[in-house]
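# Fold and contact review
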Amino acid sequence: MMIEIPAPIDLPASAHSGLHSEDGPERGESRGRAKDPVIKVRDLAWLLFEKPDLDRAEIFARDFGFTIAGRTSDELRLRGSFAGSDAVVIRKGPKSRFVGPVFQAQEASDLDRLARHFGTEVDKLVGRPGRIVNLIDPAGVPVGVVHGADMHSALPEQVPLVLNTGAKLNRANATQRPAREPARVQRLGHVVLETPKFGAALDWYVETLGMIVSDFLFLPDQRDLGPTMAFMRCDQGDIPADHHTLAMHLSPGKGYVHSAYQVTDLDAIGAGGAYLAERGYQRAWGIGRHVQGSQLFDYWRDPDKLMVEHFADGDMFDSSIECGWAPMSASGLAQWGPPVTRDFLGTSPSPARLREIRDALHADDNDLTTSRLLSILKAMSS
Ligand SMILES: [Fe+2]
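Residues numbered from 1 in each chain as written. Predicted model: local features only at pLDDT ≥ 70, side-chain atom pairs only at ≥ 80, totals over all residues.

### Quick notes on the sheet that holds strand S11 (residues 229–233)
Read across the open sheet, the ten strands follow the order S19-S10-S11-S13-S9-S14-S17-S16-S15-S20; overall the sheet is mixed. A single partner strand is all that each edge strand has here, and the edge strands are strand S19 (324–327) and strand S20 (334–336). Each adjacent strand pair in this sheet contributes to an overall mean axis angle of 25°, direction not counted. Note: S11 against strand S13 (residues 246–250), four bridges, orientation antiparallel. Each residue of the ladder has a partner; that of Ala-230, found in S13, is Met-248. The sheet strands contacting helix H4 (residues 266–278) are strand S15 (282–290), strand S16 (296–301) and strand S17 (307–312), and the helix crosses S15 at an angle near 170°. (Pairing = 2+ DSSP bridges. Helix = DSSP H or I, 4+ residues; strand = E, 2+ residues; numbered from the N terminus. Axes fitted to C-alpha atoms, helices over the stretch in contact; angles between N-to-C directions. Contact = placed C-beta atoms within 7 Å.)

### Observations concerning unusual backbone geometry
Following Gly-286, the chain continues into Ile-287 via a peptide bond in cis, with omega recorded as 0°. The topology assignment puts Ile-287 in strand S15. For Ser-294, which is not glycine, the phi dihedral falls at a positive 60°. As for its position among the elements, Ser-294 is in the loop between S15 and S16.

### Points about the sheet that holds strand S8 (residues 142–147)
Strand order in the open sheet formed by eight strands is S2-S3-S4-S1-S5-S8-S7-S6, and the pairing between neighbours is mixed. The open sheet is flanked by strand S2 (67–71) and strand S6 (123–124), the only strands paired with a single partner. Pairing between strand S1 (residues 43–51) and strand S4 (residues 88–92): five bridges, direction parallel. Residue Glu-50 lies in a different strand from S4, and its bridge partner there is Arg-91. In the packing of helix H1 (residues 54–64) onto the sheet, the strands contacted are S1, S2, strand S3 (75–79) and S4, and the crossing angle to S3 comes to about 10°.

### Thoughts on H4
Each α-helix turn comprises 3.6 residues. Residues three or four places apart therefore point the same way. Look at H4: 18 Å from first C-alpha to last across 13 residues, which is about the 18 Å you get at 1.5 Å a residue. Listed in full, the buried residues belonging to H4 are Ala-268, Ile-269, Gly-272, Gly-273 and Leu-276. Burial along H4 is one-sided: seen end-on, the buried residues are contained in an arc of 125°. Packed against the buried residues of H4 are H1, S15, S16 and S17. A positive phi of about 90° marks Gly-280, the residue just after H4. (Expected span 1.5 Å × (residues − 1). Buried ≥ 20, exposed ≤ 12 C-beta atoms within 10 Å, placed from the backbone. Arc of directions from axis to C-beta.)

Here's what the structure looks like:
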């Protein structure tokens, strides 16, 4: 996806002094980047989902603020207003589920290098221009890397409100009336995945796709056992990239947690949220401002209970910013906002969740132990 970024942002000399984490790695701990990754992906291209009811998916997509890029009887493609590829592709399938992320390669030759590394082929995208390498990450998630896919040109933007901020009077003799309408999605920002095979999956994204860790979280009483969450960004050198394009955490569950889409500003989030609430959709958590990534956030459940996020004003880091290390806690997920919900944390006990816990603790090829699970549950209630 082409992100339109203005002139590089001035970052404070020490990004660790209050900007994104109080601490960097200690001696011997991971810096969260590979010396010589196979390739360096540019960004996420799109996320692939399956849903049984594309009509219902399209109604929610419009209410959430997507633009419909294409629709057939078995596929719905969604885009944002920024120039770039599709942001979401939903195929008709027997049940509602996330299939996997598709990343965008910097160069066409990156696909060949990647395919050679894994001893696989570069395939043509079906029914459209572009080529793709299809891989499976160590957590079992199908991951695509594309090049040459269709790019949409930019659409008109939702106009940000003129705000009176600080000591500046920017608006006089005029009222503030943000329209109660869908927040116009600009672009796909990030996806969050959970896995019991956290360590292997983390290494794979760093060493294969060249992602670099912006922030690690560790369990407060188990720092010596390594991190249990990583916020990863794409290494675009001098070009600032989203603080996280992929975030992943250790969990009994496998796969999708949420995906996030950028909108213009706080009023777009607020008025767009009021619009969704009015239509009976369920807010999962918000509105607030995160710590890692600093985004203004608002989380919603789509009609199939998949979690999606409106965000604005997130951190953009170039490759010079080193990773932070911070303890994981529920209260540390936001700088302000309502208390984090059990819905967001996924800590409501359900038969499916209990089955996941049983299976994860019985498998011997993952990172989840009873002591780590208890520590995660403790952190998520602190
Ligand atoms: Fe998020």
